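Letter by letter, the chains look like this.
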Amino acid sequence: MSKYQTPYRYDFVGSFLRPQEVKQAKADYSEGKITKEECDAVVDKAVTEVVAKQKELGFHIITDGEFRRTYWHLDFMWGFEGVGHEQTGAGVQFNAEMAALEDTYLTGKVKAKAHPFVEGFKFLKQFEDENTVAKYTIPAPAQMFQQMIVPANFENTRKYYATNEELIRDIGKAYQEVIKQFYEAGCRNLQLDDCTWGAIVGDAAKQRYKNLGQDLDEVKGQLLEVNNLALEGKPADMVITSHICRGNYHSTFFTSGPYDSVADYVFAKENVDALFLEYDDARSGGFAPLAKVSEDKKVVLGLITTKSPELEDKETVIKRIHEAAKYIPLERLCLSPQCGFASCEIGNKLTEEEQWAKLKLVKEIAEEVWKDA
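Residues numbered from 1 in each chain as written. Predicted model: local features only at pLDDT ≥ 70, side-chain atom pairs only at ≥ 80, totals over all residues. Heavy atoms only, no water.

Examining the overall build of the chain
Quick note on the threshold: Secondary structure is summarised from DSSP: a helix means a run of H or I of at least four residues, a strand means a run of E of at least two, and numbering begins at the N terminus for each. Within these notes, the globule rule equals 2.2 Å times the number of residues to the 0.38 power, and the radius of gyration is based on C-alpha atoms. Relative accessibility decides the category of a residue: with a 1.4 Å probe and only protein chains considered, values under 20% of the type maximum give buried, values over 50% give exposed, and everything between is partly exposed. Pairs of residues are marked as contacts when any of their non-hydrogen atoms sit within 4.5 Å. Computed with the Shrake-Rupley method and a 1.4 Å probe, the accessible areas treat only the protein chains shown as cover for residues. Charge assignment in this entry is limited to Lys and Arg as positive and Asp and Glu as negative, and neither His nor the chain termini are counted. Here the site of a charge means atom NZ of a Lys, CZ of an Arg, CG of an Asp or CD of a Glu.
Along the backbone of the chain there are 13 helices and 12 strands. Against the compact-globule benchmark of 21 Å for 373 residues, the chain has a radius of gyration of 19 Å, which places it among compact chains. In terms of its C-alpha atoms, the chain occupies a principal-axis envelope of roughly 55 × 50 × 40 Å. Each of the 373 residues in the chain was classed as buried or not, and the buried ones make up 57%. The contacts in the chain between residues at least 6 apart in sequence include a share of 79% that link residues at least 24 apart. Just so you have it, the chain exposes about 15,400 Å², and 50% of that area is on carbon and sulfur atoms. Within the chain, one finds 46 positive and 60 negative side-chain charges whose respective centroids are separated by 2 Å.

Take a look at the structure:
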């Protein structure tokens, strides 16, 4: 069994740019040109190769690059009973473009079943060795909760759930079961990707929720409640982390704002082992909110951007790490990119070579900062 676990001093969020052959195989399968088995064989080969590349770079955490999914969050939701989806051509407006996303909504009560992502983890786990450990990424429970109460889904959701509390209860319990499935498959490192906290920071979010007639503090309480409910009873030897960002689609973003207004909730009270935090530009605000992080958590500073191919200045990044250490001890800090390189299949606007150069920089900086750790 590997001695490593996430977060490591140099780490990453999870997704990588999809090779063209993966995109083509999925397109061919959707058009009926190849079988599911033929498509899976292409993806299996690509996962094998991307894991080999992670090991080659000297990373101790490995993922499957999220190659099996189209969207970082929606595909996972489709693995529950009571969730349906449809491609209607709709989407979500990001800063610079419309993100093409499938409509995802309730068709009944949310219940767990044998989740297909667990099989994806089993394939990844075979590549673990004494120097590496497999991490799997799934959307946070709060992400699923928010998906079902957005304005476009709210009326439909009320057909099945009279209150948000009932929905929170079922999502939390369903996640508990799926987390158990991952554990029984040998997963000891699970990451919850969560854009909900990033979506409620800043003045724009205040206005958005005001227009919806929702109390922002009540929303924060519900996000915290559903996430913590899902974590109840998790095995003591299973590390579960949370990654928080403000949207990452084709090198654009969804929202902006500092962590100050959510720190008392997610930083202080969410029962995860570590937080992967977006900090790659001024949109994320300063480091002062890190003082609110509970002492049982580590923080992974996302100081390297995946939205641009330009390499950060090493000394500037090192300086920022030490600035963050004014609010949380250096020994509880790690370094990573702020998000994945391809949160959705479309990917960000950089090449695979530029993607790997970013990770080489992360490792180089971390080894210098924590050389005595």
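Digging into the pairing of strand β9 (residues 239-244)
Selection criterion: By this definition, two strands are paired if DSSP reports at least two bridges between them.
β9 sits mainly inside the fold: 6 of its 6 residues count as buried. Of the two faces of β9, the one lined by V239, T241 and H243 and the one lined by I240, S242 and I244 are each fully buried. Where strand β8 (residues 189-194) lies against β9, 6 bridges are found, and the strand directions are parallel. Residue pairing in the sheet places D194 in a bridge with I244 of β9. The pairing of β9 with strand β10 (residues 274-278) spans 4 bridges and is classified as parallel. Each bridged residue has a counterpart across the sheet, and for S242 the counterpart in β10 is L275.

Considerations on the packing of helix α12 (residues 314-324) against helix α13 (residues 352-369)
The line we're drawing: Angles here are taken between N-to-C directions and fall from 0 to 180 degrees, while the axes themselves are lines fitted to C-alpha atoms, restricted in helices to the stretch in contact. Put simply, angles under 35 degrees are roughly parallel, angles over 145 are roughly antiparallel, angles from 65 to 115 are roughly perpendicular, and the rest are oblique. Here is the rule for handedness: rotate from the far helix to the near one, and if that takes an anticlockwise turn smaller than a right angle the crossing is left-handed, while a clockwise turn gives right-handed.
At a minimum axis distance of 10 Å, the contact between α12 and α13 shows a crossing angle of 50°. Between α12 and α13, the interaxial angle falls into the category oblique. Considering how the two elements wind past one another, α12 and α13 form a crossing that is right-handed. Of α13, the residues touching α12 (which contributes K314, E315, V317, I318, I321 and H322) are E364, I365, E368 and V369.

Considerations on the environment of V42
Of note, V42 is situated in helix α2 (residues 36-56). A relative accessible area of 27% places V42 in the partly exposed class. Along the primary structure V42 and F267 are separated by 225 residues, whereas in three dimensions their C-alpha atoms are 40 Å apart. Those residues within four positions of V42 in sequence are excluded, and the remaining contacts are E21, V22 and A25.

So, the pattern of salt bridges
Opposite charge on two side chains permits pairing when their charged atoms draw close. Heads up, the rule is: When a carboxyl oxygen of Asp or Glu lies within 4 Å of a side-chain nitrogen of Lys or Arg, that pair is called a salt bridge.
Inspection of the entire model under this criterion finds 23 salt bridges. A salt bridge links D170 to R169; the nearest nitrogen and oxygen atoms lie 3.4 Å apart. Since its relative accessible area comes to 14%, D170 is described here as buried. By relative accessible area, R169 is classed as partly exposed at 37%. One salt bridge connects D237 with R188, and the closest N-O pair in it is separated by 3.5 Å. Placement of the pair is D237 in the loop between α10 (216-231) and β9 and R188 in the loop between α7 (164-184) and β8, with a sequence separation of 49 residues. Note on D237: relative accessible area 44%, which makes it partly exposed. Overall, R188 belongs to the partly exposed group, its relative accessible area being 23%.

Re the sheet that holds β8
With parallel pairing, 6 strands are arranged side by side in an open sheet as β7-β8-β9-β10-β11-β12. With partners counted over all chains shown, the strands left at the sheet margins are β7 (136-139) and β12 (333-337), one partner each. For this sheet the average axis-to-axis angle between neighbouring strands, irrespective of direction, equals 25°. Bridge count for strand β11 (residues 298-304) against β12 is 5 bridges, and the pairing is parallel. Paired with I304 across the two strands is P337, which belongs to β12.

These figures come from the coordinates and say nothing about function on their own.
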